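# Residue-level structural notes
Here's the letter readout for the chains.
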Amino acid sequence: MALGPGKQDAERLNRQLVDTNLELQAAKEQLAAANEELRREKTERQRAGESLREGERRYRSLFEGMLHGFAHCEMVVENGEPRDFVYLEVNKAFEELTGLTGVVGRNASEVIPGIRESSPELFERYGRVASTGIPERFDFYLPALDIWFSISVFSPENGHFIALFDNISERRRTEEALRFQNLLLATLSEVSIDGILVVDSRARIIHFNRRFVEMWGIPPHLATAGDDEPVLQTVVGKVSAPDEFLARVRHLYEHPEETGHEEIALRDGRTFERYSAPMLGAEHDYYGRVWYFRDVSRRKREQETLAKRELHFRSLIENAQDIITIIDLEGKIGFQSPAVKRILGRLPEEFVGRSAFDFLHPDDAAEFRAAIGRVIERPEAPQTSLFRFRHANGSWRTMEGIGKLLPGEGPSQIVVNSRDVTESHALEQQLRQSQKMEAVGQLAGGIAHDFNNLLTAILGYSDVLASRTGDDALARQDIDEIRRAGERAASLTRQLLAFSRKQILEPRVLDLNGVVRNIEQMLRRLIGEDVELETRLPDSVGAVRADPGQIEQVIMNLIVNARDAMPTGGKLTIATADVELDASVAAFQFDVPPGRYVLLAVSDTGHGMDARTLSHIFEPFFTTKEQGKGTGLGLSTVYGIVKQSGGHIAAYSELGEGTSVKVYLPCVGAPSGQTVTPAAEESPARGSETILLVEDEQAVRRLVRAVLESSGFRLLEAPSGEAALQIARNHDGPIHLVLTDVVMPGMRGPEFAKRLVESHPETRALFISGYTDDAVMQHGLGPETFFLQKPFTPRALLQKVREALGAPPA
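Figured I'd write up the structure that's included with this text.

Rules of the game
Residues numbered from 1 in each chain as written. Predicted model: local features only at pLDDT ≥ 70, side-chain atom pairs only at ≥ 80, totals over all residues. Heavy atoms only, no water. Helix = DSSP H or I, 4+ residues; strand = E, 2+ residues; numbered from the N terminus. Buried < 20%, exposed > 50% of the residue type's maximum accessible area, 1.4 Å probe, protein only. Contact = heavy atoms within 4.5 Å. Areas by Shrake-Rupley, 256 points an atom, 1.4 Å probe, with all protein chains shown as cover. Pairing = 2+ DSSP bridges. Axes fitted to C-alpha atoms, helices over the stretch in contact; angles between N-to-C directions. Expected span 1.5 Å × (residues − 1). Patch = residues over 30% accessible without salt bridge, like charges linked within 9 Å, V, L, I, M, F, W, Y side chains within 5 Å. Salt bridge = Lys/Arg side-chain N within 4 Å of Asp/Glu carboxyl O. Polar contact = N/O pair within 3.5 Å; in protein donor to acceptor, adjacent residues only side chain to side chain. Core = buried A, V, L, I, M, F, W, Y, C linked by side-chain atoms within 4.5 Å. Phe/Tyr/Trp six-rings, centres within 6.5 Å; stacked < 30°, edge-to-face > 60°. Left-handed = near helix turned anticlockwise from the far one by under 90°. Nonpolar A, V, L, I, M, F, W, Y, C, P; charged D, E, K, R; others polar.

### Remarks on the overall build of the protein chain
Regarding its fold elements, the protein chain presents 24 helices and 27 strands. Taking all 810 residues of the protein chain together, the buried fraction comes to 39%. Put simply, of all contacts in the protein chain between residues at least 6 apart along the chain, 57% involve residues at least 24 apart. When the accessible surface of the protein chain is totalled, it reaches about 45100 Å², and 53% of it is carbon and sulfur.

Put into structure tokens, the structure is as follows:
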């Protein structure tokens, strides 16, 4: 059935609507599909973005965390040549390794001024990689930064490059130091005076130097690893004691941490010194051993020579008679030779480490310091001084020290050669004292001679005047005072003459004990009741030859001095003894020859004397007594009498310890037992003989003429020997006696008398003088000569004249 247009249209519209719905449904499905696709794409894009961001984060983390420096750069090329490059990106390590910051976007020449000029090779390498794309790796020193870099370069795209680098400056310095050290060790090894041999832990030779080859005579080609036997055989064959050598080598390899040091004697006479040290690592890992060999043959010979020389000098020092001392500039003793035991009684060890001032006399300390100063000021010349050092027994020994500065490095020291001069110094002191006493004695003798001429006239005219005075008591009293004053003056001159050993002695063989006993009672009255006198007289002592009166004077003077030294009382001792002085003791006493002596000792317990006073006691006019209490001639008289008797006198004293005076007289044998009694005084003799008087002193001549003429003698008078000879020639009669002075100007008395006797053989001679030593000793007048000592009295003159006239002709 046919449809109408409306229905058809509706149907068509419905179909169209269905079609449209279908299309819409398809479109919707397509849209849904498209939306689904879009969701999937969006999800994928989100996932891709997250992956990209994750990759970026990982890249940045890796980029910033890299230990290598990273630089992304673009080359700047001009005219086809790389001229510069720009930093596009750098990491933190770049800044830390180079010390550069803020470089991105800047040229390298701007960041590092002068890099283009100092490092053209770097630009060349970077440009080559950027243009070719071929990576390079190299080490490069950048002077501008003073850094060594290890650089790896590659190019991600044309004109760009990426550089990865490390700072290897420390490694390069270490390598350089290692190369220098190896070079230094090699150089030292080759120039070393020691032979060097290096072996590994398995004792294989890994190195030896030229000196080793020379010392052992080993061809270098023999010393190869794994073939050490020829070297060992060569070495062992040259050693004197190979078994000991090999045993020592084995021991060191069994004990790798030990060092070894020894001397090796070779068969050819040489001596090697061997030192071995292990090569140990930080953990004491053993890598091998180094051997050093040194030829010490010359040193050994020098040591042997030095040892012999040292032994020689040590022997000299140890056997030296002098003390050899080494001190520093403060006086501290560093060495003392064995001679000190013999000289000072102490062991050397007692001195070492102590100061010389501990043993030095305090009074010598200043001079000792001054002597050290002189040695320092004049080191080229030895300095000599005298010092006193204490002996172990407490005494002081005088030492002559010769000091000189020791040469050499280190603290300054002085070597002192000291000699004991105690005895010789004492002898020198005695010699000087003796010379001084001799000079004073000569002076005293000269004074006494002139004084005696005056006293002869004074005493003589006093007697003449007294004989003419008669009964005038007042005048006789005045004359007696003149005579006593003259006699006191004569006594002083006799003491001077005794000191100067110029008085006349009448020696006899004496028993000293007898002399002491004869005057003992008088001595007891002389010293007083507060002084105890003790005599120590052996039963028998040897005899001496001396003038008994002079010996009594010696004892009296010593006793008086001893008493005066004990004002509050004390004890006085007189002792005699036989003594034998040997050469050493006699030499110490200076002028006493060895032999037998009789000792007379006078000791007291008085106040004593110091050394200075003791050195002057025998000098005339020296006294410690108060003004007017002594003449100072007592001990000088004793000194003169003892010396003239051929003896020696010595005094010993210390303050507060008393004094002892010892007289040594030569022993002449057993005592004779003879006693000498003075002859009875006779009246002056008279006579009528002719006497020729020769005297240059007018006062004496007038006195003698007056005395002799008043006794009846006929006088011929002359002032000199020449005048007297003329008078004798003109005289017709005999000349019975010539009375002449000994010492006169021109012709002296003995010469004149000799010439007179030749023409007048019947003439006797009588000599007078104040110079008895000159008269008796120097002018050849023997003991049989008639001699009269000035001053003399008229009675003594007349007695001696009569004695001479009664003798046979001269």
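From this point, things continue past the structure.
### Overview of the sheet that holds strand S10 (residues 286-295)
Reading across from one edge, S7-S6-S10-S9-S8 is the order of the five strands in this open sheet, with antiparallel pairing throughout. Either end of the sheet is taken by a strand with one partner, and the two such strands are strand S7 (205-208) and strand S8 (260-265). Averaged over all adjacent pairs, the angle separating strand axes in this sheet is 20 degrees, with direction ignored. As defined by bridge partners, S8 adjoins strand S9 (residues 271-280) across six bridges and the pair is classed as antiparallel. Within the sheet, the bridge partner assigned to Glu-263 lies in S9 and is Glu-273. Sheet strands touched by helix H9 (residues 242-254): strand S6 (195-200), S8, S9 and S10. Its angle to S10, the strand with the most contacts, is close to 150 degrees.

### Points about helix H16 (residues 548-564)
The end-to-end C-alpha distance of H16 is 24 Å, a good match for the 24 Å that 17 residues give at a rise of 1.5 Å each. Listed as buried for H16 are Pro-548, Gln-550, Ile-551, Val-554, Ile-555, Asn-557, Leu-558, Ile-559 and Ala-562.

### Concerning the side chain of Arg-346
With respect to the secondary-structure elements, Arg-346 resides in the loop between helix H11 (339-344) and helix H12 (365-377). Beyond its immediate stretch of four places on either side in the chain, Arg-346 contacts Val-340, Lys-341, Phe-351, Phe-359, Arg-390, His-391 and Ala-392.

### Some details on a nonpolar patch on the surface
Where nonpolar side chains cluster on the molecular surface, the patch consists of Phe-180, Leu-184, Leu-185, Leu-188 and Val-191 and spans about 490 Å² of accessible area. Inspection of the secondary structure puts Leu-184 in helix H6 (residues 169-191). The exposure class assigned to Leu-184 is partly exposed, which follows from its relative accessible area of 36%.

### Concerning the side chain of His-760
Examined against the element boundaries, His-760 turns out to sit in the loop between helix H22 (749-759) and strand S26 (764-769). Side chain to side chain, His-760 and Ser-759 meet in a polar contact 2.9 Å long. Setting aside its immediate chain neighbours within four residues, His-760 contacts Ala-728 and Ile-735.

### As for the nonpolar core
Counting residues in each nonpolar core, the largest one holds 39 residues, and the members touching the most others are Ile-551, Ile-555, Leu-558, Ile-559, Leu-572, Ile-574 and Ile-649. Excluding residues within four positions of it along the chain, Ile-649 makes contact with Phe-618, Val-638, Tyr-639, Val-642, Val-661, Lys-662 and Val-663.

### Description of the packing of aromatic side chains
Each aromatic ring pair is characterised by the separation of its centres together with the angle its planes make. Scanning all chains against the criterion turns up 18 aromatic pairs. Arranged with centres 5.4 Å apart and planes meeting at 75 degrees, the rings of Phe-85 and Tyr-87 form a pair that is edge-to-face. There is no split in this pair, since Phe-85 and Tyr-87 are both buried. Aromatic pair Phe-138 and Phe-140: ring centres 6.4 Å apart, planes at 90 degrees, arrangement edge-to-face.

### Some details on the packing of helix H15 (residues 512-527) against H16
Two elements in contact, H15 and H16, have axes separated by 10 Å at closest approach and are oriented at 35 degrees. Of the two possible hands of crossing, H15 and H16 adopt the one that is right-handed. Of the residues in H16, those in contact with Leu-512, Val-515, Val-516, Ile-519, Met-522, Leu-523, Leu-526 and Ile-527 of H15 are Ile-551, Glu-552, Ile-555, Met-556, Ile-559, Val-560 and Arg-563. Residue composition of the contact of H15 with H16, by class: 13 nonpolar, no polar and two charged.

### Here we look at the pairing of strand S11 (residues 323-328)
Pairing of S11 with strand S15 (residues 413-420) involves six bridges; the strand directions are antiparallel. Of the residues in S15, the one forming a bridge with Ile-323 is Ser-418. Counting the residues between successive antiparallel strands, the hairpin from S11 to strand S12 (residues 333-336) contains four residues, one of them, Gly-331, with a positive phi of roughly 95 degrees.

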